[in-house]
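Observations on the three-dimensional arrangement
Single-letter residue listing:
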Amino acid sequence: MAPPLLEVTGLSCRRGGRLVFDRLSFALSEGELLALTGRNGSGKTSLLRALAGLTPPHAGTIVWQGADVAQDPETWRGRLAWLGHLEGLKGDLTVMENLVFAERLRGGEAGDRLEGALLAFDLLGLSAREVRTLSAGQRRRTALARIVLSQAPLWLLDEPLNALDAPAQAAFRTALQAHLAAGGLAIAATHAELGIGGAQRLDLRGGTSVERPA
Amino acid sequence: MSGFATVLMRDLRLVWRRPGDVGVVLAFFVVATVLFPLGVGPETNVLARIAAGVLWCAALFAALLSLERLFAADHEDGTLDLLLLAPWPLELAALAKCLAHWIVTGLPLSLLAPVLGIAFGLDGRSLLALGATLLVGTPTLSLIGGLAAALTLGARKSGALLALLALPLCVPTLIFGAGAIETLAAGDGIVTHVAILAALALVALATTPWAIAAALRQAGE
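Overview of the structure. (Residues numbered from 1 in each chain as written. Chains lettered and ligands numbered in written order. Predicted model: local features only at pLDDT ≥ 70, side-chain atom pairs only at ≥ 80, totals over all residues. Heavy atoms only, no water.)

Across its full length, chain A holds 6 helices and 9 strands. Referenced to the eigenvectors of the C-alpha coordinate spread, the extents of chain A come out at roughly 45 × 40 × 35 Å. Pairs at least 24 residues apart make up 69% of the contacts formed inside chain A by residues separated by at least 6 positions. Across chain A, 23 positive and 22 negative side-chain charges occur, with their mean positions spaced 7 Å apart. (Helix = DSSP H or I, 4+ residues; strand = E, 2+ residues; numbered from the N terminus. Contact = heavy atoms within 4.5 Å. Lys, Arg positive; Asp, Glu negative; His and termini not counted. Charge placed at Lys NZ, Arg CZ, Asp CG, Glu CD.)

Below is the structure:
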């Protein structure tokens, strides 16, 4: 078995004086997906935000390739692609402008990859449309195209299937499988089945250990 | 393109797409300023004496109008998370957003103020001095206002809180900005006043981006 790229040890998080999760530990190797499950308020989003560094954890360490990410947070942020509850899109910019902006924000240029990302989520025909004119599902597809475009090794996804119709869900699964096949990692908070075989599962309703696939 | 330039160009493009937002600020500045001659009366001596204070106060209030949305819009649509997760210092993003705010409010206000100063009976030298002091002083308003906007992000009645936080911190800039025109009327130069305004702007430039970034990180939690 490949050595883990990401090792999370003893991660705890408090919000408003409440312990959201306590001493969570898990490890992910190349090509692995971790599905976070649990009821509303169980801490899935808080865990994703703690992993991203958006919410400082109360305790615990996050290690990437043997190095504590707290020592070099900028490099760590460069390794992440983030999809939150909110799409992170500007309504007055077009689909294309939003994607180009996001990629430049990461220090890269979309270049030739832009067309591929748009194509992956059937957005070519919408690329010149302002985001505020799109449906919720189309906006979610745009945000997912941003994730694909990033080429980040670790995807942090909060309810990625929200508002997606069946073809868009299939497109997401194809993109996720391609990412994992290329050695990428993904952690996704979800209420729905992601439909990816071999995914690890972390149930935040009570357990703190990762259930490995059979 | 650097992250700083990316954020700056994006914010300018957003303003270009919705010019009404800036139009409201400039319209407020014009209306608020024009009301004074109507209320005070047509005596040129009185108007010329209060002109600098009126125009500086109106510019300050106009700049504050648009500051509430400086970070709130990014917070509401989730793009603040993208800024927080960018692999370069958040301080630069904060600075880029304040610069964008100055370009679309401080700069036009500085250019518009001398035109409105004519209605107050200011002479040519005073009009130039007014434009110059606003040009040097308004960046401080954008930076301090940006800090207040970041600190009040997500708070209820954030607009009122923002004004309460920013206005006292802008008092030195207001005093030296308006004072320059009075000094000129008394026959002295304004170099000292402009130098102090520039120093205040530099202090704001050196301190506020870090404070804004810290406040944004706190809001992002």
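Moving on to empty space enclosed by the protein. Counted under the stated rule, the structure contains 1 cavity of 30 Å³ or more. Along its surface, the largest cavity is lined by 14 residues, and Leu80(A), Trp82(A), Ala102(A), Arg106(A) and Leu82(B) are the ones closest to its centre. By residue class, the composition of the lining of the largest cavity is 10 nonpolar, 1 polar and 3 charged. (1 Å grid on protein atoms, 1.4 Å probe; cavity = no way out; pocket = protein on both sides within 12 Å on 5 of 7 lines; lining within 4 Å. Points joined across faces, edges and corners; volume = space filled by probe spheres on them. Nonpolar A, V, L, I, M, F, W, Y, C, P; charged D, E, K, R; others polar.)

Another aspect to go through is the layout of surface pockets. Empty space among the atoms becomes apparent when a probe as large as a water molecule is rolled across them. Residues and elements named next belong to chain B. Reported here for the largest pocket is a volume of approximately 730 Å³. Lining the largest pocket are 26 residues, and of these Leu14, Val15, Asp21, Arg69 and Ala73 lie nearest its centre. Elements with a minimum of two residues in the lining of the largest pocket: α1 (3-17), α2 (19-40), α3 (44-67), α4 (69-77) and α6 (90-117). With 6 residues, α4 is the largest single contributor of residues to the lining of the largest pocket.

Below, the discussion takes up the pattern of salt bridges. For the structure on display, the rule yields 19 salt bridges over all chains. Arg49(A) serves as the salt-bridge partner of Asp81(B), at 3.1 Å between the closest nitrogen and oxygen. Of this pair, Asp81(B) sits in helix α5 (residues 79-84) while Arg49(A) sits in helix α1 (residues 44-52), on two different chains. Asp81(B) sits in the buried class, given a relative accessible area of 14%. When the shortest N-O distance is used, the salt bridge between Glu109(A) and Arg104(A) registers 3.2 Å. The exposure class of Arg104(A) is partly exposed, given its relative accessible area of 25%. A network of salt bridges, in which partner residues are shared, links Lys90(A), Arg10(B), Asp11(B), Asp74(B), Asp77(B) and Lys97(B). (Salt bridge = Lys/Arg side-chain N within 4 Å of Asp/Glu carboxyl O. Buried < 20%, exposed > 50% of the residue type's maximum accessible area, 1.4 Å probe, protein only.)

All names here are of chain B. On the surface, a nonpolar cluster with roughly 350 Å² of combined accessible area is contributed by Val24, Phe28, Phe61 and Leu65. Among the secondary structure elements, those contributing two or more residues to the nonpolar patch are α2 and α3. The topology assignment puts Val24 in helix α2. (Patch = residues over 30% accessible without salt bridge, like charges linked within 9 Å, V, L, I, M, F, W, Y side chains within 5 Å. Areas by Shrake-Rupley, 256 points an atom, 1.4 Å probe, with all protein chains shown as cover.)

All names here are of chain B. Take Gly159: it is sitting in helix α8 (residues 158-185). Given the relative accessible area of 27%, Gly159 is considered partly exposed. For the pair Gly159 and Leu111, spaced 48 residues apart in the sequence, the C-alpha separation amounts to 26 Å.

All right, on to the sheet that holds strand β2 (residues 18-28) of chain A then. Strands in a sheet are paired, the pairing made by backbone hydrogen bonds, and the direction either parallel or antiparallel. Residue and element names in this part refer to chain A. Across the sheet, 4 strands lie side by side as β2-β1-β4-β5; this open sheet has antiparallel pairing. Taken across any chain shown, the strands that pair with only one partner, and hence form the sheet edges, are β2 and β5 (67-68). Inspection of the sheet shows strand β1 (residues 6-15) paired to strand β4 (residues 59-64) by 5 bridges, in the antiparallel sense. Pairing of Thr9 across the sheet is with Thr61, part of β4. Packed onto the sheet, α1 meets β1, β2 and β4 and runs at close to 60° relative to β2. (Pairing = 2+ DSSP bridges. Axes fitted to C-alpha atoms, helices over the stretch in contact; angles between N-to-C directions.)

What follows concerns the packing of aromatic side chains. Residues and elements named next belong to chain A. Across all of its chains, the model carries 1 aromatic pair over all chains by this definition. Ring geometry for Trp64 and Trp76: centres 5.8 Å apart, planes at 55°, overall tilted. With Trp64 in strand β4 and Trp76 in helix α2 (residues 73-78), the pair connects residues that are 12 residues apart, well separated along the chain. Like Trp76, Trp64 is buried. (Phe/Tyr/Trp six-rings, centres within 6.5 Å; stacked < 30°, edge-to-face > 60°.)

Residue and element names in this part refer to chain A. For Gln65, which is not glycine, the phi torsion reads 50° and is therefore positive. Assignment of secondary structure puts Gln65 in the loop between β4 and β5. On the accessibility criterion, Gln65 (53% relative accessible area) is exposed. Positive phi, close to 50°, is recorded for Glu159, a residue that is not glycine. In this fold, Glu159 is placed in the loop between β7 (154-158) and α6 (166-181).

This part is about the nonpolar core. Counting 96 residues, the largest nonpolar core has Leu6(A), Phe26(A), Leu47(A) and Ile187(A) as its most contacted members. Among the elements that make up this core, the one with the highest residue count is α3(B) (12 residues). Those residues in contact with Leu6(A) that lie beyond four places of it in its chain are Phe26(A), Ala27(A), Leu28(A), Ile62(A), Val63(A), Trp64(A), Trp76(A), Leu154(A), Leu185(A) and Ile187(A). Counting residues in hydrophobic clusters, the runner-up holds 37 residues, among them Ala35(A), Leu83(A), Leu144(A) and Leu176(A). (Core = buried A, V, L, I, M, F, W, Y, C linked by side-chain atoms within 4.5 Å.)

Interface extent is often summarised as the accessible area lost during association of the parts. At the junction of the two partners, chain B supplies 26 residues and chain A supplies 27 residues. Of the roughly 2,500 Å² buried between chain B and chain A, counting both surfaces, carbon and sulfur atoms make up 60%. At the junction of chain B with chain A, the criterion picks out 6 salt bridges. Here Asp74(B) ties to Lys90(A) by a salt bridge, and the two come within 2.5 Å at their closest N and O atoms. At the junction of chain B and chain A, the tally comes to 10 residue pairs in polar contact (both at pLDDT 80 or more). Looking at the side of chain B that touches chain A, the elements that each hand over two or more residues are α1, α4 and α5 of chain B. Element by element, the count of residues in the side of chain B that touches chain A is highest for α1(B), at 6 residues. (Buried area = accessible area lost by both parts, 1.4 Å probe. Polar contact = N/O pair within 3.5 Å; in protein donor to acceptor, adjacent residues only side chain to side chain.)

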